[in-house]
Amino acid sequence: MRRLLIGLSVTFLALAMVLPASAQNRRERKILWNSQYNYEIEPVGVGQDGTKVFKVWGYGKKVQDAVMNAKEAAVAACIFKGLPGGAGSAPTPPICSQPNAEQIHADYFEKFFEVGGKYLQFIALTNDGEPSGADRIKMKKGYKVAIYVQVMYDALRKQLENDGIARRLDAGF
């Protein structure tokens, strides 16, 4: 009886310490899920000079919407977040290293990322067919799909520099 009591108390203490540390309420999870910084990116190799090649995930009610969201996320990740290293490629810093650049230049980026916007000209190559298998996941409210994309990184940087959004690399400290 004493062993059972000690075992139950140890289990209770372990649960009491673990559960509150990792708990998130539903509202916090929803905010994190809908965050504009929620880019899922996986490097797949080294692209040609001036380009970055990676796999990016997108979300949408339909598969086509998720593919377009993935293209937008690919360009946005290059601009605001940077790209992780791996698969033979080095990590790449974001083009706009200024904190809160998306809020400071909100008018520019609203127009840049609108439907059929200018961001599409910086995507050189994608597998535009509907993804299948592990790259297409049916979720409760739509789809999560992955596409392989090649972003013309140097051209994107040059465009943002010319528009006065990003600092030039040769600019002083």
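Residues numbered from 1 in each chain as written. Predicted model: local features only at pLDDT ≥ 70, side-chain atom pairs only at ≥ 80, totals over all residues. Heavy atoms only, no water.

**Student:** Report on the environment of Tyr-39, specifying residues and quantitative values.
**Tutor:** Here Tyr-39 is to be found in the loop between α2 (26–33) and β1 (41–45). Sequence-wise, Tyr-39 and Ala-73 are 34 residues apart; in three dimensions their C-alpha atoms are separated by 6.2 Å. Filtering out sequence-adjacent residues up to four positions away, Tyr-39 remains in contact with Ala-73, Ala-76, Ala-77, Phe-80 and Lys-81. (Helix = DSSP H or I, 4+ residues; strand = E, 2+ residues; numbered from the N terminus. Contact = heavy atoms within 4.5 Å.)

**Student:** Talk me through helix α6 (residues 153–162); I want residue IDs and the actual numbers.
**Tutor:** In an α-helix there are 3.6 residues to a turn, and that puts residues three or four apart on one side. Turning to α6, its buried residues are Tyr-153, Leu-156, Arg-157, Gln-159, Leu-160 and Glu-161. The secondary structure elements touched by the buried residues of α6 are β2 (52–60), α3 (63–81), α5 (106–112) and β5 (142–151). Gly-164 sits one or two positions beyond α6 and adopts a positive phi of about 80 degrees. (Buried < 20%, exposed > 50% of the residue type's maximum accessible area, 1.4 Å probe, protein only.)

**Student:** Please provide a residue-by-residue account of the pattern of salt bridges, values included.
**Tutor:** With the rule as written, the count across this model stands at two salt bridges. Linking Glu-40 and Lys-144 is a salt bridge whose minimum nitrogen-to-oxygen distance equals 3.2 Å. Placement of the pair is Glu-40 in the loop between α2 and β1 and Lys-144 in strand β5, with a sequence separation of 104 residues. Its relative accessible area of 25% is what places Glu-40 among the partly exposed residues. Classification of Lys-144 by relative accessible area gives buried; the value is 16%. We note a salt bridge from Arg-157 to Glu-161, for which the minimum N-O separation is 3.4 Å. Of this pair, Arg-157 and Glu-161 both sit in helix α6, four residues apart, which is roughly one turn of the helix. In this pair, the class of Arg-157 matches that of Glu-161, namely buried. (Salt bridge = Lys/Arg side-chain N within 4 Å of Asp/Glu carboxyl O.)

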